[in-house]
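So you can see what is in the structure, the chains are spelled out below.
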Amino acid sequence: RKLAVGHLEKARHNLEVFRLLRKNNSSDWSITAGFYTLYHCFLAIAVKHGYESRNQTCTIALMETLQEQGKISIDREIIEFMKYEEDEKNHEDSLIELREDYTYGVDLEVKDEDQLDKIEKLCVEFIDVVKGIVYEGG
């Protein structure tokens, strides 16, 4: 449980970093902080269920499996948002791909404030959900 709580604390920390970067005109890096906020939530869930992962694709697949098995109840939108998109036109619907675009690309800011709002809202809501899973087992 201690490790799961640690991942949850890291997620909260990453959310604060997201907000600081956004406020200080470094929204390109906010995308990365948002991704890792949700990813550490996934890691907290994984640890809570007895798994350890150091691979993003496997961690996301584990969340899908736990969801399908009824072991966790999380919004499917979050899992989908974290996955690679096969369809190029839905690229903006994948946080992992946005993270790669802004990490390896040359854009210094995210022009789409709605996208940043969506990421922040998902992070805040998901941290609360994961808190319930980690502390109460829900």
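Structure report, in brief.

Thresholds applied
Residues numbered from 1 in each chain as written. Predicted model: local features only at pLDDT ≥ 70, side-chain atom pairs only at ≥ 80, totals over all residues. Heavy atoms only, no water. 1 Å grid on protein atoms, 1.4 Å probe; cavity = no way out; pocket = protein on both sides within 12 Å on 5 of 7 lines; lining within 4 Å. Points joined across faces, edges and corners; volume = space filled by probe spheres on them. Helix = DSSP H or I, 4+ residues; strand = E, 2+ residues; numbered from the N terminus. Nonpolar A, V, L, I, M, F, W, Y, C, P; charged D, E, K, R; others polar. Axes fitted to C-alpha atoms, helices over the stretch in contact; angles between N-to-C directions. Parallel < 35°, antiparallel > 145°, perpendicular 65-115°, else oblique. Left-handed = near helix turned anticlockwise from the far one by under 90°. Contact = heavy atoms within 4.5 Å. Buried < 20%, exposed > 50% of the residue type's maximum accessible area, 1.4 Å probe, protein only. Phe/Tyr/Trp six-rings, centres within 6.5 Å; stacked < 30°, edge-to-face > 60°. Disulfide = S-S within 2.5 Å.

1. A closer look at the layout of surface pockets
Over the atoms, a rolling probe the size of a water molecule traces out where space has been left empty. Within this model, the largest pocket holds a volume of roughly 160 Å³. Around the largest pocket, the lining residues are Leu3, His7, Tyr39, Leu43, Ala46, Val47, Tyr51, Glu52, Ser53 and Arg54. Going through the elements one at a time, helix 1 (2-23) and helix 2 (27-48) are the ones with two or more residues in the lining of the largest pocket. In terms of residue count, the dominant contributor to the lining of the largest pocket is helix 2 (4 residues). Looking at side-chain class alone, the lining of the largest pocket contains 6 nonpolar, 2 polar and 2 charged residues.

2. A closer look at the packing of helix 2 against helix 3 (residues 56-68)
Between two packed helices, the angle of one axis relative to the other and the distance separating the axes together describe the packing. For the pair helix 2 and helix 3, the least separation of the axes is 10 Å and the interaxial angle reads 55 degrees. One finds that helix 2 runs oblique with respect to helix 3. When you trace helix 2 past helix 3, the crossing you get is left-handed. Residues Phe35, Tyr36, Tyr39, Phe42, Leu43, Ile45 and Ala46 of helix 2 form the contact with helix 3, whose participating residues are Gln56, Thr59, Ile60, Leu62, Met63 and Leu66. Each residue belonging to the contact of helix 2 with helix 3 can be placed in one class, and the counts come to 11 nonpolar, 2 polar and no charged.

3. Remarks on the side chain of His40
Topologically, His40 is positioned in helix 2. A relative accessible area of 14% means that His40 is categorised as buried. Dropping the residues within four chain positions of it, His40 is found in contact with His7, Lys10, Ala11 and Asn14.

4. Some remarks on the packing of helix 1 against helix 6 (residues 113-136)
Between helix 1 and helix 6, the least distance of the axes is 10 Å, while the angle of their chain directions is 160 degrees. With respect to helix 6, the element helix 1 is oriented roughly antiparallel. Taken as a pair, helix 1 and helix 6 cross one another with a handedness that is left-handed. Across from Ala4, Val5, Leu8, Ala11, Arg12, Leu15, Phe18, Arg19 and Arg22 in helix 1, the residues of helix 6 making contact are Glu113, Leu116, Asp117, Ile119, Glu120, Cys123, Val124, Ile127, Val130, Lys131, Val134 and Tyr135. Of the residues in the contact of helix 1 with helix 6, the class split is 14 nonpolar, no polar and 7 charged.

5. Considerations on the packing of aromatic side chains
The geometry of an aromatic ring pair is captured by the separation of the ring centres together with the interplanar angle, meaning the angle of the planes. With the rule as written, the count across this model stands at 4 aromatic pairs. Judged by centre distance (4.9 Å) and plane angle (85 degrees), the ring pair of Phe35 and Tyr36 falls under edge-to-face. For Phe35, a relative accessible area of 0% corresponds to the buried category. Seen from their ring centres, Phe42 and Phe126 are 5.6 Å apart, and the 85 degrees between their planes marks the pair as edge-to-face. Of the two residues, Phe42 is situated in helix 2 and Phe126 in helix 6; the sequence distance between them amounts to 84 residues. The exposure classification of Phe42 matches that of Phe126, with both residues buried. Aromatic rings pair up to connect Phe35, Tyr36 and Tyr39 into one cluster.

6. With respect to the state of the cysteines
All told, the structure shown has 0 disulfides when counted by the stated rule. Distance from the sulfur of Cys123, which forms no disulfide, to the nearest cysteine sulfur (Cys41) is 7.3 Å.

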